[in-house]
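What follows is each chain in one-letter form.
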Amino acid sequence: MNTKDKKFNSKVIHSGHGADEDTGAVMPPIHLSSTFKQKSPGDFKYEYARTGNPTRDVLEKLLCEIEDGEFGFAFSSGMAAISALSDALGGNYSILSSDDVYGGTRRIFDKIKSVNQNVEITYVDLSKDNNWQGHIKENTKMIWVETPSNPLLKLIDIEKIRKSINNQEIIVVCDNTFASPYNQQPLNQGADVVIHSSTKYLGGHSDIIGGALVINNNPELAEKIKYIQNAVGSVPSPFDCYMLVRSIKTLAVRMERHNNNALEIANYLLKHNKVNNVFYPGLNSDPNYEVAKKQMKGFGGILSIDLKGDINSTKKFLENIEIFTLAESLGGVESLIEHPAIMTHASIDKKIREELGISDTLIRLSIGIEDVNDLKEALDKALSLI
Ligand SMILES: *Cc1c(COP(=O)(O)O)cnc(C)c1O
């Protein structure tokens with residue numbers, strides 16, 4: 001069957017590899033070798049494992065196919081993928097970025113790229129402000145979109161952004177970590193590049209750090225990324241590549257449960273008298289609902305809530321909740337809970353945090369795939385303490 005004809009639920013299982021040709025092994029072998037024998041000087045399929053190796057090839061092919069892209073690259077972390085992409089664009093350029101982005105993305109843009117490569121970043125609430133073309137500068141090379149955003153789950157209409165930007169040389173990049181390719185395929189909505197922290201839903205079990213870039217219609221950019229991936233060397237180990245290939249096989253079934261559990265919990269918290277506000281794009285009442293229905297297949301497993309009370313009652317809630325683990329990160333099979341202002345978003349200045357709406361009573365939940373009634377009970381019990 002032609003790859004393009006396969007449905008997503010089949011691609012996650014069959015893309016990237018068949019049975020091993022040498023042995024018939026159903027699962028792809030892990031090639032740990034750092035170097036490869038050449039038949040004659042310069043005559044080889046693989047040369048040195050940083051440059052390329054068979055296990056990474058399987059993963060990169062798989063990433064490409066599940067995002068419907070042309071070129072896929074695996075990195076040692078999401079940040080390494082983001083760094084490679086911004087390096088590929090050179091120096092002395094501008095980025096138009098949505099304002100509610102992963103804390104580490106802001107940190108690398110503001111503290112590394114702007115200082116070392118004279119990259120200028122303009123942050124705008126791209127979910128509300130539709131004047132996208134109006135924010136473009138002469139040297140803008142990239143529009144950075146994170147949708148759903150972190151931690152406020154704001155959505156940006158990818159298709160509308162691509163259509164509104166007159167200059168086709170400006171690349172539209174989507175950080176698709178929160179949605180996962182099961183729920184959203186930005187390249188099919190007009191984005192040029194997708195990035196992932198594969199640490200999250202792609203890995204799905206909170207046991208690897210990884211990143212990915214998938215590119216469409218831009219062989220020149222893909223060539224630069226390939227060069228940087230090898231030259232800088234922020235590549236995943238063959239073992240991590242194997243782990244990701246294994247994890248992605250269950251992405252569809254995991255996401256289905258994440259979606260269902262999160263929607264049910266969002267509806268439940270919406271009615272709770274200790275909760276001020278629920279941020280989840282799958283709620284009919286959510287301002288992002290229309291865009292969510294248009295560009296997402298499911299609404300994902302992440303939601304944020306604003307609790308009634310203050311910092312102390314919020315801490316008490318977090319210290320006492322059962323089942324949910326108080327920890328950074330997201331996207332694993334287990335439910336996690338965290339306090340953005342103190343934990344994941346602490347690297348953002350307090351003033352900017354407040355402008356964004358990351359208050360001291362805001363909590364982010366990564367809803368796992370446990371029994372939803374147990375999760376509701378745990379939330380209810382901890383909320384009764386505040
Ligand atoms: C975690 C995360 C990153 C960074 O990825 P790492 O794998 O931690 O380097 C980037 N974007 C988003 C949305 C994330 O959640």
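Before any of the text, the structure's been laid out above.
Residues numbered from 1 in each chain as written. Predicted model: local features only at pLDDT ≥ 70, side-chain atom pairs only at ≥ 80, totals over all residues. Heavy atoms only, no water.

### Examining helix 4 (residues 103-117)
Next, step 1: Counted at 1.5 Å a residue, the expected span for helix 4 with its 15 residues is 21 Å, and the 20 Å between its end C-alpha atoms agrees.
Next, step 2: By the largest-angle criterion, Phe109 marks the main kink of helix 4, which is about 30 degrees.
Next, step 3: Those residues of helix 4 lying buried are Gly103, Gly104, Thr105, Arg106, Ile108, Phe109 and Lys113.
Next, step 4: As for helix 4, its buried residues are in contact with helix 3 (78-88), strand 2 (94-98), strand 3 (120-124), strand 4 (140-146) and helix 12 (350-356).
Next, step 5: A positive backbone phi angle near 55 degrees is found at Asn118, which sits one or two residues after helix 4. (Helix = DSSP H or I, 4+ residues; strand = E, 2+ residues; numbered from the N terminus. Expected span 1.5 Å × (residues − 1). Bend = angle between axes of the 7 residues up to and from the residue. Buried < 20%, exposed > 50% of the residue type's maximum accessible area, 1.4 Å probe, protein only. Contact = heavy atoms within 4.5 Å.)

### A few points about the packing of aromatic side chains
Next, step 1: With the rule as written, the count across this model stands at 4 aromatic pairs.
Next, step 2: Measuring from ring centre to ring centre gives 5.3 Å for Phe109 and Trp144, while their planes differ by 90 degrees; the resulting arrangement is edge-to-face. Placement of Phe109 in helix 4 and of Trp144 in strand 4 is noted, with a sequence separation of 35 residues between them. Judged on exposure class, the residue Phe109 and its partner Trp144 are both buried. (Phe/Tyr/Trp six-rings, centres within 6.5 Å; stacked < 30°, edge-to-face > 60°.)

### Examining the environment of Leu375
Next, step 1: Note on placement: Leu375 falls in helix 13 (residues 372-383).
Next, step 2: Each C-alpha atom, one on Leu375 and one on Asn273, is 17 Å from the other, the two residues being 102 residues apart in sequence.
Next, step 3: In contact with Leu375, other than residues within four places in its own chain, are Asn261, Ile265, Ile323, Phe324, Ser335, Ile367, Gly368 and Glu370.

### Quick notes on the site of the ligand
Next, step 1: Neighbouring the ligand are the residues Ser77, Gly78, Met79, Tyr102, Glu146, Asp175, Thr177, Phe178, Ser197, Thr199, Lys200 and Gly210.
Next, step 2: At 2.9 Å from an oxygen atom of the ligand is found a main-chain nitrogen or oxygen belonging to Met79.
Next, step 3: Here a nitrogen atom of the ligand and a side-chain polar atom of Asp175 are 2.7 Å apart.
Next, step 4: When the residues that make up the shell around the ligand are grouped by side-chain class, the tally is 3 nonpolar, 6 polar and 3 charged. (Near = heavy atom within 4 Å. Polar contact = N/O pair within 3.5 Å; in protein donor to acceptor, adjacent residues only side chain to side chain. Nonpolar A, V, L, I, M, F, W, Y, C, P; charged D, E, K, R; others polar.)

### What to know about the layout of surface pockets
Next, step 1: Here the largest pocket defines a volume of roughly 550 Å³.
Next, step 2: When grouped by side-chain class, the residues that make up the lining of the largest pocket number 7 nonpolar, 5 polar and 6 charged.
Next, step 3: By volume, the second largest pocket is sized at about 460 Å³.
Next, step 4: As for the second largest pocket, its lining consists of 18 residues, of which Gln168, Glu169, Ile170, Ile171 and Asn218 are closest to the centre.
Next, step 5: Taken together, the elements giving at least two residues each to the lining of the second largest pocket come down to strand 4 and helix 7 (219-232). (1 Å grid on protein atoms, 1.4 Å probe; cavity = no way out; pocket = protein on both sides within 12 Å on 5 of 7 lines; lining within 4 Å. Points joined across faces, edges and corners; volume = space filled by probe spheres on them.)

### A look at the sheet that holds strand 3
Next, step 1: Across the sheet, which stays open at both edges, the 7 strands sit in the order 1-7-6-5-4-2-3 with mixed pairing between neighbours. Strand pairing shows two members of the sheet lacking a second neighbour, strand 1 (71-75) and strand 3, which therefore form its edges. In this sheet, neighbouring strand axes are inclined to one another by 20 degrees on average, regardless of whether the strands run parallel or antiparallel.
Next, step 2: Inspection of the sheet shows strand 1 paired to strand 7 (residues 211-215) by 5 bridges, in the antiparallel sense. Within the sheet, the bridge partner assigned to Phe71 lies in strand 7 and is Ile215.
Next, step 3: Against the sheet, helix 2 (residues 54-66) engages strand 1 and strand 7, with an angle of about 125 degrees to strand 1. (Pairing = 2+ DSSP bridges. Axes fitted to C-alpha atoms, helices over the stretch in contact; angles between N-to-C directions.)

### Describing the side chain of Asn183
Next, step 1: In this fold, Asn183 is placed in helix 6 (residues 180-183).
Next, step 2: A polar atom in the side chain of Asn183 sits 2.9 Å from the side chain of Asn259.
Next, step 3: Apart from residues lying up to four places away in sequence, Asn183 is in contact with Met255, Asn259, Gln295, Met296, Lys297, Gly298, Phe299 and Gly300.

### What about the pattern of salt bridges?
Next, step 1: For the structure shown, the criterion picks out 17 salt bridges.
Next, step 2: Residues Arg162 and Asp192 are paired through a salt bridge, measuring 2.6 Å at the closest nitrogen-oxygen approach. You can see Arg162 sitting in helix 5 (residues 158-164) and its partner Asp192 sitting in the loop between helix 6 and strand 6 (193-197), a full 30 residues away along the chain. The exposure classification of Arg162 matches that of Asp192, with both residues buried. (Salt bridge = Lys/Arg side-chain N within 4 Å of Asp/Glu carboxyl O.)

### Digging into a nonpolar patch on the surface
Next, step 1: A surface patch of nonpolar side chains, amounting to about 290 Å² of accessible area, comprises Ile30, Leu32 and Phe239.
Next, step 2: Looking at where Phe239 falls in the secondary structure, it is placed in helix 8 (residues 238-248).
Next, step 3: What makes Phe239 partly exposed here is its relative accessible area of 43%. (Patch = residues over 30% accessible without salt bridge, like charges linked within 9 Å, V, L, I, M, F, W, Y side chains within 5 Å. Areas by Shrake-Rupley, 256 points an atom, 1.4 Å probe, with all protein chains shown as cover.)

### Some words on the environment of Ser83
Next, step 1: One can find Ser83 in helix 3.
Next, step 2: In this structure, the C-alpha to C-alpha distance between Ser83 and Leu356, residues 273 residues apart in sequence, is 24 Å.
Next, step 3: Aside from chain neighbours lying at most four places away, what touches Ser83 is Ile108 and Lys113.

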